[in-house]
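So the chains spell out like this:
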Amino acid sequence: MPSQGLGLAPRLRYLAGRARRIDVGSVLERAKETSAQHGKWTPAVLVDMLWSAGFRQVGFQDYVDYDFAILSRAERDTYMTHPVSNQLSQKYDDPAFRHIFQDKIEFDRVFSEHLHRDWMVVEDGNADAVRAFAEKHGTIVTKEPVGQAGTGVHRYHAADVDDWGRFHEGLLQRGELLIEEVIRQHADLAAVCPGTVNTTRVTAFFDGERTHILAMAQKFGRGAVSDQMTFGGFYTMLDENGHAVGPGYDSHAHVHERHPDSGFVIADFQLPLIDEVKAFVDRIARVVPQVQYVGWDIVVTPDGPVLVEGNWGAGVYENKPSVTGIRTGHKGRYRAAIGF
């Protein structure tokens, strides 16, 4: 695919916005964290972070997460970063269709056939329907229509509810308007963390004819309703065959060679049904072709992959050299598929 470029104007607008919002204290803390971890002089790290942000499109947290302090210029250039990912989202995700991915209720409506689970919407006067749904499934997950990083997601057990009218009213007041059946994950995922539905993030680009898988990351929870980092979760990158490339890690300097609760060796993880996962991502990428660059969250069940959500602002999941020993990222795959 010929290079289409990302354009200088969007980059300058992004940098101007970042400059207005910069939190000097937060950047300094990140520099100190990096300095302590890698034995580097803090002022030098701070200058390098600021230069990388201003001239190399590297987010401050990217610099920390992907160990840029120990990488060469050439190695850094192989890494995908959040500023670049943001530009891709702005260019290839049509604003007229982004609302489908921002509103979880609308998303479930559009992608209903790929969810493979029951769901319903909480409305005035449907307390009996909510009760029937919850009692049918035993445990339910509720979601606020708009939320990120696992916020607004809750889990309830029907056996714990003694007043369905009050429960229904509470859902309305808190804005927990979407109810879903709990996903039953594949035994290979449950072996790592049975208390959380562990999602696979597949970042993909649909070029109008072909779906390109750019990166895959396996997220693991700690027994909470979500596997996001805000709930104590972490991730490991997967190779093209769905095998973990090393231990798990997060953005808070936690490294997990084994799952803290189950003891499962993260580097031994193999995503089941990997060929079905790739075919599934190709199918869902064609549902809204106007949104080309998406971070898909899916779960592999005993019957195959199911869709949790799609993120039009795909975000970035990358290798962490100090954990995996891998000193290259996925940017080459992005460039080959998208042409920038």
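Preceding block: the structure.
All values derive from a computational prediction rather than experimental measurement.

Enquirer: Any chance you could explain the packing of aromatic side chains here in plain terms?
Expert: For any pair of aromatic rings, the description rests on two quantities: the centre-to-centre distance and the angle between the ring planes. Applying the stated criterion across every chain, the model contains 17 aromatic pairs. For the pair Tyr92 and Phe205, a centre-to-centre distance of 5.2 Å together with 85 degrees between the ring planes defines the contact as edge-to-face. Here Tyr92, found in helix α6 (residues 82-92), pairs with Phe205, found in strand β5 (residues 200-206); they are 113 residues apart in sequence, far enough to count as distant. Assessed through its relative accessible area of 6%, Tyr92 is described here as buried.

Enquirer: Help me understand the side chain of His212, please; the structure alone is not making it clear to me.
Expert: Tracing the sequence through the fold places His212 in strand β6 (residues 211-220). On the basis of relative accessible area, His212 is assigned to the buried category, the value being 12%. At a separation of 2.9 Å, a polar atom in the side chain of His212 contacts the side chain of Asp207. Filtering out sequence-adjacent residues up to four positions away, His212 remains in contact with Thr203, Ala204, Phe205, Asp207 and Ala337.

Enquirer: Whenever I open this one, the pattern of salt bridges confuses me. Can you help?
Expert: In total, this model carries 19 salt bridges according to the counting rule given. Where Glu106 meets Arg109, a salt bridge forms, and the shortest distance between an N and an O atom there is 3.9 Å. Of this pair, Glu106 and Arg109 both sit in helix α8 (residues 104-110), 3 residues apart, roughly one helical turn. Residue Arg109 is classed as partly exposed on the basis of its relative accessible area of 47%. Glu180 is paired through a salt bridge with Lys143; the nearest N and O atoms lie 3.0 Å apart. Residue Glu180 is located in strand β4 (residues 178-181), and its partner Lys143 is located in strand β2 (residues 139-143); the two are separated by 37 residues in the primary sequence. Both residues of the pair, Glu180 and Lys143, belong to the buried class. Three or more residues are tied together by salt bridges with common partners; here these are Arg56, Arg73 and Asp77.

Enquirer: Explain unusual backbone geometry to me, please; I cannot follow it from the model alone.
Expert: Leave glycine aside and you will find that most residues have negative phi; peptide bonds, for their part, are mostly trans. Of note, the phi angle at Gln57 is positive, near 55 degrees, even though the residue is not glycine. Along the chain, Gln57 turns up in the loop between α3 (42-55) and α4 (60-65). The phi dihedral of Asp67 is positive, around 55 degrees, even though this residue is not glycine.

Enquirer: I would appreciate a short explanation of the sheet that holds strand β1 (residues 119-121) in the present structure.
Expert: Hydrogen bonds along the backbone pair up the strands of a sheet, which may run parallel or antiparallel. What the 4 strands build is an open sheet, ordered β1-β4-β2-β3; its pairing is antiparallel. Edge positions in the sheet fall to β1 and β3 (153-157), since each of these pairs with one other strand and no more. Recorded for the sheet is a direction-independent mean angle of 25 degrees between the axes of neighbouring strands. Those strands touched by helix α9 (residues 127-137) are β1, β2 and β4, and its axis lies near 25 degrees from that of β4. This element, helix α10 (residues 164-174), spans β2, β3 and β4 of the sheet and lies at about 180 degrees to β3.

Enquirer: Which parts of the structure should I look at to understand empty space enclosed by the protein?
Expert: One simple way to see leftover space: roll a probe sized like a water molecule over the atoms. As enumerated under the stated definition, the model contains 1 cavity of 30 Å³ or more in all. Looking at the largest cavity, its volume works out to about 40 Å³. Elements that contribute at least two residues to the lining of the largest cavity include exactly α2 (24-38) and α4. By residue number, the principal contributor to the lining of the largest cavity is α4, which donates 3 residues. Residues that form the lining of the largest cavity fall into these classes: 2 nonpolar, 4 polar and 4 charged.

What counts, and where the lines are drawn
- All residue numbers here refer to positions counted from 1 along the written sequence of the relevant chain.
- Confidence filtering applies because this is a predicted model: local features only for residues at pLDDT of at least 70, side-chain atom pairs given and counted only at 80 or more, and all residues used for totals across whole chains, interfaces and linings.
- Each side-chain value is worked out from all heavy atoms of the structure, with water and hydrogens disregarded.
- Stacked, edge-to-face and tilted are the three classes for Phe, Tyr and Trp ring pairs, Trp counted by its six-membered ring, which pair at centre distances within 6.5 Å; planes under 30 degrees apart are stacked, over 60 edge-to-face, the rest tilted.
- Segments assigned H or I by DSSP are reported as helices when at least four residues long, segments assigned E as strands when at least two residues long, and all are numbered from the N terminus.
- Each residue is placed in one exposure class: buried if its accessible area under a 1.4 Å probe, protein chains only, is under 20% of its type's maximum, exposed if it is over 50%, and partly exposed if it falls in between.
- Two N or O atoms form a polar contact when they lie within 3.5 Å of each other; inside protein one atom must be a possible hydrogen donor and the other a possible acceptor, and for residues adjacent in sequence the pair counts only when both atoms belong to side chains.
- In what follows, residue pairs with any heavy atoms lying within 4.5 Å of each other are defined as contacts.
- In what follows, salt bridge is the name for a side-chain nitrogen of Lys or Arg lying within 4 Å of a carboxyl oxygen of Asp or Glu.
- Any two strands are treated as partners once DSSP identifies two or more bridges connecting them.
- Axis lines are fitted to C-alpha atoms, over the contacting stretch for helices. Their N-to-C directions set the angle, which ranges from 0 to 180 degrees.
- In this analysis a 1.4 Å probe is tested at points of a 1 Å grid over the protein atoms alone, and where it fits but cannot get out there is a cavity; an open set with protein on both sides within 12 Å along at least five of seven lines is a pocket; lining residues have an atom within 4 Å of a point.
- Grid points are joined across faces, edges and corners, and a volume is the space filled by probe spheres set on the points.
- Only Asp, Glu, Lys and Arg are considered charged, only Ala, Val, Leu, Ile, Met, Phe, Trp, Tyr, Cys and Pro nonpolar, and every remaining residue, Gly among them, polar.

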